[in-house]
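Letter by letter, the chains look like this.
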Amino acid sequence: YKRFYPLIQQAYVDLGRPDGYFNDRLVTVIDHLLDTPELAQAPLLLRDERGRYRFADATLQSRSIGQKALLRMGPENAAKVKAKLREIRRLVAAQKPG
């Protein structure tokens, strides 16, 4: 990450973010994913008229795509992913942008 950060940052600027740092955005997104509620069991899913699965609970359905992905993988797998996200966040947050 450290080695390729200048290229990543330049790509971030090229995508229209000239005043920000990719590193800061990455930490923000990780924090958002870590804020996903931890459920005791996998949430109930229903099929809509188009055959797509949706959460029966409207508050879960209104969450971001990333949070819904964590919810759909079940509590055990979500806990493993969150543990890895915390580790990555710790390492990334220690990096100085630029």
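Our subject is the structure listed above.
Residues numbered from 1 in each chain as written. Predicted model: local features only at pLDDT ≥ 70, side-chain atom pairs only at ≥ 80, totals over all residues. Heavy atoms only, no water.

Visitor: Help me understand the environment of Asp 31 in this model?
Guide: By the element assignment, Asp 31 lies in helix H2 (residues 22–34). Judged by relative accessible area, which is 27%, Asp 31 ranks as partly exposed. Considered as a pair, Asp 31 and Glu 49 are 18 residues apart in the sequence and their alpha carbons are 34 Å apart. (Helix = DSSP H or I, 4+ residues; strand = E, 2+ residues; numbered from the N terminus. Buried < 20%, exposed > 50% of the residue type's maximum accessible area, 1.4 Å probe, protein only.)

Visitor: What exactly am I supposed to notice about the nonpolar core here?
Guide: Grouped burial of nonpolar side chains is what soluble globular proteins tend to show. Of all hydrophobic cores here, the largest spans six residues; its members are Ile 30, Leu 33, Leu 34, Leu 70, Ala 78 and Leu 85. Among the secondary structure elements, those contributing two or more residues to this core are H2 and helix H5 (75–93). The element contributing the most residues to this core is H2, with three residues. In contact with Leu 70, not counting residues within four places along its chain, are Leu 33, Thr 36, Ala 78 and Val 81. (Core = buried A, V, L, I, M, F, W, Y, C linked by side-chain atoms within 4.5 Å. Contact = heavy atoms within 4.5 Å.)

Visitor: Honestly, the packing of H2 against H5 in this entry has me stumped. Any pointers?
Guide: In a packed pair of helices, the relevant descriptors are the angle between the two axes and the axis-to-axis distance. Direction vectors running N to C along H2 and H5 enclose 155°, while the axes themselves pass 10 Å from each other. Judged on the interaxial angle alone, H5 and H2 are roughly antiparallel. Note on packing geometry: the crossing formed by H2 with H5 is left-handed. Touching Asn 23, Leu 26, Val 27, Ile 30, Asp 31, Leu 33 and Leu 34 of H2 are Lys 82, Leu 85, Arg 86, Ile 88, Arg 89, Val 92 and Ala 93, all from H5. Per-class residue counts for the contact of H2 with H5 are nine nonpolar, one polar and four charged. (Axes fitted to C-alpha atoms, helices over the stretch in contact; angles between N-to-C directions. Parallel < 35°, antiparallel > 145°, perpendicular 65-115°, else oblique. Left-handed = near helix turned anticlockwise from the far one by under 90°. Nonpolar A, V, L, I, M, F, W, Y, C, P; charged D, E, K, R; others polar.)

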